[in-house]
Amino acid sequence: MVARTIVSVGPLGRARRCPSTPRRGGRRRPIRSLLGRPAVVFALLLAAQPAIAAIAIAALRFRADEWITECDGRPGRVADCSIMVPFWQTGSHGKGSFALVVMLQTGNVGIVGQPYPVRAVLRVDKNPASECRQARYCVFPTAQALAIVKELESGSLILLDVYTAKAEFSFSLTPKGYQAGIAQVRAWGLDLPPY
């Protein structure tokens, strides 16, 4: 079978060649015959818009330094976002792999990881230290968590001591990736909570 080229007339009255594709019954149909019509292209985009919007809403992700910002929200609504930074250490105390997690919508701040933390002390710059004491997931009390969130927005150094059942780990981090994550949330058009 020999491939044919079909000539079609464009929107300005100019003849153009369109490659053809096989069709049932041996007849060929031009590929661009449908996609060359603006109304058809517009209808396809309009039909795909909810799916594209849903993917965009579910896939808001930003990374700065080691900090990862993930959001599931729509512009004009309070951001349902988390900003987290993983950190780890191997030494005489053994291996430890943890993450500092900030939930922007609720203002919760916690430390999670392996081995499970039972206690953590967090200090941003020279501000008073905040402490959490819980098995498995160490979540800071609400008043302290809200203070940590405000301190992270303008701080330059985070000191963390994480205690597990058998070991103690000390870390120092920079909040620059957190600050970049907050800026990105605003750039996405999401509102930050008023706390």
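This section reports on the structure supplied with the text. (Residues numbered from 1 in each chain as written. Predicted model: local features only at pLDDT ≥ 70, side-chain atom pairs only at ≥ 80, totals over all residues. Heavy atoms only, no water.)

What follows is about the packing of aromatic side chains. One pass over the structure, following the stated rule, counts six aromatic pairs. Ring geometry for W67 against Y178: centres 5.7 Å apart, planes inclined by 65°, an arrangement best described as edge-to-face. With a gap of 111 residues between them, W67 in strand β5 (residues 67-71) and Y178 in helix α4 (residues 176-187) connect regions that are remote in the sequence. Using a relative accessible area of 2% as the deciding quantity, one classes W67 as buried. Arranged with centres 6.1 Å apart and planes meeting at 70°, the rings of F98 and F171 form a pair that is edge-to-face. (Phe/Tyr/Trp six-rings, centres within 6.5 Å; stacked < 30°, edge-to-face > 60°. Helix = DSSP H or I, 4+ residues; strand = E, 2+ residues; numbered from the N terminus. Buried < 20%, exposed > 50% of the residue type's maximum accessible area, 1.4 Å probe, protein only.)

As a further point, take the pairing of strand β7 (residues 94-103). Both strand β6 (residues 81-91) and β7 contribute to a ladder of ten bridges, which runs antiparallel. Note on β7: the bridge partner recorded for M84 is V101. Where β6 folds back onto β7 in an antiparallel hairpin, the turn is made up of two residues. In this sheet, strand β8 (residues 108-114) lies alongside β7 in antiparallel orientation, the contact comprising seven bridges. Within β8, the position partnered with S97 by the bridge is Q114. (Pairing = 2+ DSSP bridges.)

What follows covers the sheet that holds strand β4 (residues 60-64). Taken in spatial order, the six strands make up an open sheet running β4-β5-β6-β7-β8-β11, and their pairing is antiparallel. Of all strands in the sheet, those with a lone pairing partner are β4 and β11 (138-139), marking the two edges. Lying on the sheet, helix α3 (residues 142-154) is in contact with β7 and β8; it crosses β8 at an angle near 90°. (Contact = heavy atoms within 4.5 Å. Axes fitted to C-alpha atoms, helices over the stretch in contact; angles between N-to-C directions.)

Quick look at the pattern of salt bridges now. If you walk through the whole model with that rule in mind, you get four salt bridges. We note a salt bridge from E70 to R61, for which the minimum N-O separation is 2.4 Å. According to the relative accessible area criterion, E70 is partly exposed, its value standing at 33%. By relative accessible area, R61 is classed as exposed at 54%. E131 serves as the salt-bridge partner of R133, at 2.9 Å between the closest nitrogen and oxygen. We classify R133 as exposed; its relative accessible area is 59%. A residue is classified by how much of its surface remains accessible, and E131, at 28% relative accessible area, is partly exposed. When salt bridges with common partners are traced through the structure, they connect R119, E131 and R133 into a single cluster. (Salt bridge = Lys/Arg side-chain N within 4 Å of Asp/Glu carboxyl O.)

Now for unusual backbone geometry. Residue P115 is reached from Q114 by a cis peptide bond, and omega for that bond is -10°. Relative to the helices and strands, P115 is located in the loop between β8 and β9 (117-124). Here the phi dihedral of D125 falls at roughly 55°; this positive angle occurs in a residue that is not glycine. You can see D125 is positioned in the loop between β9 and β10 (130-132). Accessibility expressed as a relative area gives 28% for D125, which makes it partly exposed. The backbone of R136 sits at a positive phi, close to 75°, despite the residue not being glycine. Within the secondary structure layout, R136 lies in the loop between β10 and β11.

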